[in-house]
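Coordinate inspection notes
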Amino acid sequence: MRRTPGAFHVKRVFAFLLAPLLLLPYGCAPAQPLERTFFAMDTVMTLRLYQGGDGSLLDQAEARVRELEGLWSVTDGASEISTLNHDGSAELSPETADLLRTALGMCERTGGALDISTYPILRAWGFTTGEYAVPEEEEIAALLPMVDYTQVMQDGTCASLPEGMEIDLGSVAKGCAGWRLAHLLKENGVTSALLDLGGNIQTVGAKPDGSPWRVAIRNPAGEGNVGVVEVVDQAVVTSGGYERYFEEDGVRYWHIIDPKTGAPARSGLASVTVVGESGLLCDGLSTALFVMGREGALEHWRQHRDFEAVLVSEDGSVTITAGLEGRFTPADPARPLTVARP
Ligand code: ADP
Ligand code: MG
């Protein structure tokens, strides 16, 4: 028997209300940008071009996001991912094949903390529909054997899944879209832009005055920010338990699943922000490091060193990796801050 909790979907609301706040207090908006806001990939996106580009390039960028959404959406029955899930095999476009290959590589490098085959588990918890409910343990136990990204077969643009498996690229799609948009804009002469894909921030170049973008990192436990990180031509992607969740009997259940247990990941972290060149890598890692927890995340950073991170623990303390020293300004100097070293 399923119980139906008082569930609510906070993410969209936060995206609408907070996305502008995320940047305004610190952005000190340079010259008026060319701006476009639209709803895609289940979130609000705002593209701001500060140098280069025009309205038709914004049209092109928006159309590109919608095109990618049409390929990857799990809720659109006509998408390539839905076809793969439904038929068990599919011929993929180069974009989807690229994303699938990279995503599988991230599942591998994170030891399965990222696992794109968690979709049936997400459905059992109601995260795919918004009809949230804590599933019975037996239901999860029956689904877990089909959570195993190593069984996703890909040969070039041809992919197939074993019977009963379904995949979902929701952990990496926005990061990939942001990264692709940055390339599209640069190819078309844009030298300064700020792309906000539902909290996935992708920057192009620096601010028009040459100074770094200042991106605020939300306080996962309440109002305001934990700090501001300075970036040039990089992505800043956050995953947190506060983004999409429901509560039942006083317990909060969020949308990031530990593929080993089939339950929301409780690793002691409240949010993970990943900073790096590739928005796609940042997006996949923000989800995976959240699952790994602080020690696992720092270990992963020490092994790879191709990203930087801000980890906010449930006790409110903040850990930044060494590459962010001097680029991270805490909002509250009283909040405990540790710098992790290689
Ligand atoms: P968001 O997309 O909400 O910004 P994330 O990038 O962290 O946040 O991705 C979370 C989404 O990824 C979930 O909504 C779900 O679709 C999927 N997901 C949840 N847990 C995992 C996991 N361990 N591995 C891969 N995908 C996951
Ligand atoms: Mg992610």
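Look a little higher up for the structure.
These remarks concern the structure in this document.

**Quick notes on the sheet that holds strand β8 (residues 213–218)**
The three strands are arranged β8-β9-β18 in an open sheet whose pairing can be described as antiparallel. Looking at the sheet topology across the chains shown, the edges are occupied by β8 and β18 (328–330). The mean angle between the axes of side-by-side strands here comes to 25 degrees, regardless of whether they run parallel or antiparallel. Examined bridge by bridge, β8 and strand β9 (residues 225–231) share six bridges and lie antiparallel to one another. Opposite R218, over in β9, you have N225 as the bridge partner.

**Considering the coordination of the magnesium ion (ligand 2)**
Within the protein, the atoms that donate to the magnesium ion (ligand 2) are S171 (O), D283 (O), D283 (OD) and T287 (OG1), at distances of 2.2 to 2.5 Å. Sequence positions of the residues that donate to the magnesium ion (ligand 2) give the spacing S-x111-D-x3-T. You can see S171 sitting in the loop between β5 (158–160) and α7 (173–187) and its partner T287 sitting in helix α8 (residues 279–304), a full 116 residues away along the chain. In this structure, S171 and T287 share a single accessibility class: buried.

**Considering helix α4 (residues 94–109)**
Across its 16 residues, α4 extends 22 Å between first and last C-alpha, which sits within 8% of the 22 Å expected from 1.5 Å per residue. Of all the positions in α4, only E95, T96, A97, L99, L100, A103, L104, M106 and C107 are classed as buried. At its buried positions, α4 is contacted by α2 (55–72), α3 (80–87), β4 (153–155), β5, α7 and α8. Downstream of α4 by a residue or two, G111 has a phi angle that is positive, lying close to 60 degrees.

**Remarks on the side chain of H300**
Here H300 shows up in helix α8. With a relative accessible area of 4%, H300 lands in the buried category. Separated by 3.1 Å, the side chains of H300 and R109 make a polar contact. Ignoring sequence-local partners within four residues, the contact set of H300 consists of R109, T110, L285, L289, M292 and F307.

**Regarding the pattern of salt bridges**
Following the criterion strictly, the structure yields 16 salt bridges and no others. Where D98 meets R180, a salt bridge forms, and the shortest distance between an N and an O atom there is 3.6 Å. On the criterion of sequence distance, the pair formed by D98 in helix α4 and R180 in helix α7 is long-range, its members being 82 residues apart. The class for D98 is partly exposed, based on a relative accessible area of 37%. Two residues, K186 and D233, come together in a salt bridge whose shortest N-O distance is 3.1 Å. Of this pair, K186 sits in helix α7 while D233 is found in the loop between β9 and β10 (235–240), placing the two residues 47 residues apart along the sequence. Among the residues examined, K186 registers a relative accessible area of 37% and is labelled partly exposed. Its relative accessible area of 27% is what places D233 among the partly exposed residues.

**Here's the deal with the packing of α7 against α8**
Viewed as axis vectors pointing N to C, α7 and α8 meet at an angle of 165 degrees, and their least axial separation amounts to 7 Å. When the axis of α7 is compared with that of α8, the two are roughly antiparallel. At the point where α7 passes α8, the crossing takes the right-handed sense. From α7, A173, K174, G175, C176 and W179 reach across to α8, where they touch G279, L280 and D283.

**So, unusual backbone geometry**
With phi around 65 degrees, D42 is a residue other than glycine that occupies positive phi space. If you trace the backbone, D42 turns up in the loop between β1 (34–40) and β2 (43–51).

**A look at the pairing of β10**
Of all six residues in β10, six are buried; the element is thus mostly enclosed. Note that strand β7 (residues 200–204) and β10 share two bridges and pair antiparallel. Bridge assignment links I201 to a residue of β10, and that residue is V236. Sheet analysis places β10 next to strand β15 (residues 269–276), joined by six bridges and oriented antiparallel.

**Notes on the packing of aromatic side chains**
Under the definition given, this model contains eight aromatic pairs. Pairing F127 with Y132 gives two aromatic rings, centres 5.3 Å apart and planes at 55 degrees, and the pair type is tilted. The structure contains a cluster of three or more aromatic residues connected by ring pairs, namely W125, F127, Y132, F246 and Y253. It is R252 that lies over the ring of Y245; its NZ or CZ is 3.9 Å from the centre. For R266, the ring lying beneath its charged end belongs to W254, and the centroid distance is 4.8 Å.

**Quick notes on the pairing of strand β16 (residues 308–313)**
In terms of residue burial, β16 counts as a mostly covered element, since six of its six residues are buried. The alternating pattern of β16 places E308, V310 and V312 and A309, L311 and S313 on opposite faces, both of which are buried. Strand direction decides the pairing type here: β15 and β16, joined by six bridges, are antiparallel. Bridge pairing in β16 places V274 opposite A309. In terms of strand pairing, β16 meets strand β17 (residues 318–321) through three bridges, oriented antiparallel. Pairing of V312 across the sheet is with V318, part of β17. Here β16 folds back onto β17, and the loop between the two strands holds four residues, one of which, G316, carries a positive phi near 95 degrees.

Rules used throughout
Residues numbered from 1 in each chain as written. Chains lettered and ligands numbered in written order. Predicted model: local features only at pLDDT ≥ 70, side-chain atom pairs only at ≥ 80, totals over all residues. Heavy atoms only, no water. Pairing = 2+ DSSP bridges. Helix = DSSP H or I, 4+ residues; strand = E, 2+ residues; numbered from the N terminus. Axes fitted to C-alpha atoms, helices over the stretch in contact; angles between N-to-C directions. Donors = N, O, S within 2.8 Å, 3.2 Å for Na, K, Ca; no water. Buried < 20%, exposed > 50% of the residue type's maximum accessible area, 1.4 Å probe, protein only. Expected span 1.5 Å × (residues − 1). Contact = heavy atoms within 4.5 Å. Polar contact = N/O pair within 3.5 Å; in protein donor to acceptor, adjacent residues only side chain to side chain. Salt bridge = Lys/Arg side-chain N within 4 Å of Asp/Glu carboxyl O. Parallel < 35°, antiparallel > 145°, perpendicular 65-115°, else oblique. Left-handed = near helix turned anticlockwise from the far one by under 90°. Phe/Tyr/Trp six-rings, centres within 6.5 Å; stacked < 30°, edge-to-face > 60°. Lys NZ or Arg CZ within 6 Å of the ring centre and 35° of its normal.

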